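# Summary of structural features
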Amino acid sequence: MSVRRKAASRNRAPAESECLCMGFGPELARMLRSLGSDSAKGHFRSARVEVLRGLRALIDQRIETLSKHPRRGTAIEVE
């Protein structure tokens, strides 16, 4: 971004919704940083572990699919 363009972006009023999260991203980050109870932290930790297990299952399935060697050609008896 050029210097002139940076200055122009600083001077203009921000649009009502510049990003797709509509300002929820920073609010969510603040909320997650200030998780009060150990119970809530435990639930979010478990959720992260489950997401990783799901990704591992998808990767294992893809590896299995790619590891199978397709049969090439057809066996023909020659007289």
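Right, let's walk through the structure included here. (Residues numbered from 1 in each chain as written. Predicted model: local features only at pLDDT ≥ 70, side-chain atom pairs only at ≥ 80, totals over all residues. Heavy atoms only, no water.)

What follows concerns the overall build of the protein. Helix and strand counts for the protein come out as 3 helices and 0 strands. When the helices and strands of the protein are placed in sequence order, the string is α-α-α. When each of the 79 residues of the protein is scored for burial, the buried share is 0%. Accessible surface for the protein amounts to roughly 8100 Å². Of this, 57% is attributable to carbon and sulfur atoms. (Helix = DSSP H or I, 4+ residues; strand = E, 2+ residues; numbered from the N terminus. Buried < 20%, exposed > 50% of the residue type's maximum accessible area, 1.4 Å probe, protein only. Areas by Shrake-Rupley, 256 points an atom, 1.4 Å probe, with all protein chains shown as cover.)

Here the focus is the pattern of salt bridges. All told, the structure shown has 2 salt bridges when counted by the stated rule. Note that Glu27 and Arg30 form a salt bridge whose closest N and O atoms lie 2.4 Å from each other. With Glu27 and Arg30 both in helix H2 (residues 24–33) and 3 residues apart, the pair spans about one turn of that helix. Judged by relative accessible area, Arg30 falls into the partly exposed class, the value being 42%. Linking Glu50 and Arg53 is a salt bridge whose minimum nitrogen-to-oxygen distance equals 3.1 Å. Of the two residues, Glu50 and Arg53 are both situated in helix H3 (residues 38–67); the distance of 3 residues between them amounts to about one turn of the helix. With a relative accessible area of 44%, Arg53 lands in the partly exposed category. (Salt bridge = Lys/Arg side-chain N within 4 Å of Asp/Glu carboxyl O.)

Okay, a nonpolar patch on the surface next. Nonpolar side chains collect at one region of the surface, where Val51, Leu52, Leu55, Leu58, Ile59 and Ile63 lie side by side and expose about 600 Å² of accessible area between them. Positionally, Leu55 belongs in helix H3. (Patch = residues over 30% accessible without salt bridge, like charges linked within 9 Å, V, L, I, M, F, W, Y side chains within 5 Å.)

Assignment of secondary structure puts Phe44 in helix H3. As for Phe44 and Leu32, which are separated by 12 residues in sequence, their C-alpha atoms are 9.3 Å apart. Other than its neighbours up to four places away in sequence, Phe44 contacts Leu32 and Leu35. (Contact = heavy atoms within 4.5 Å.)

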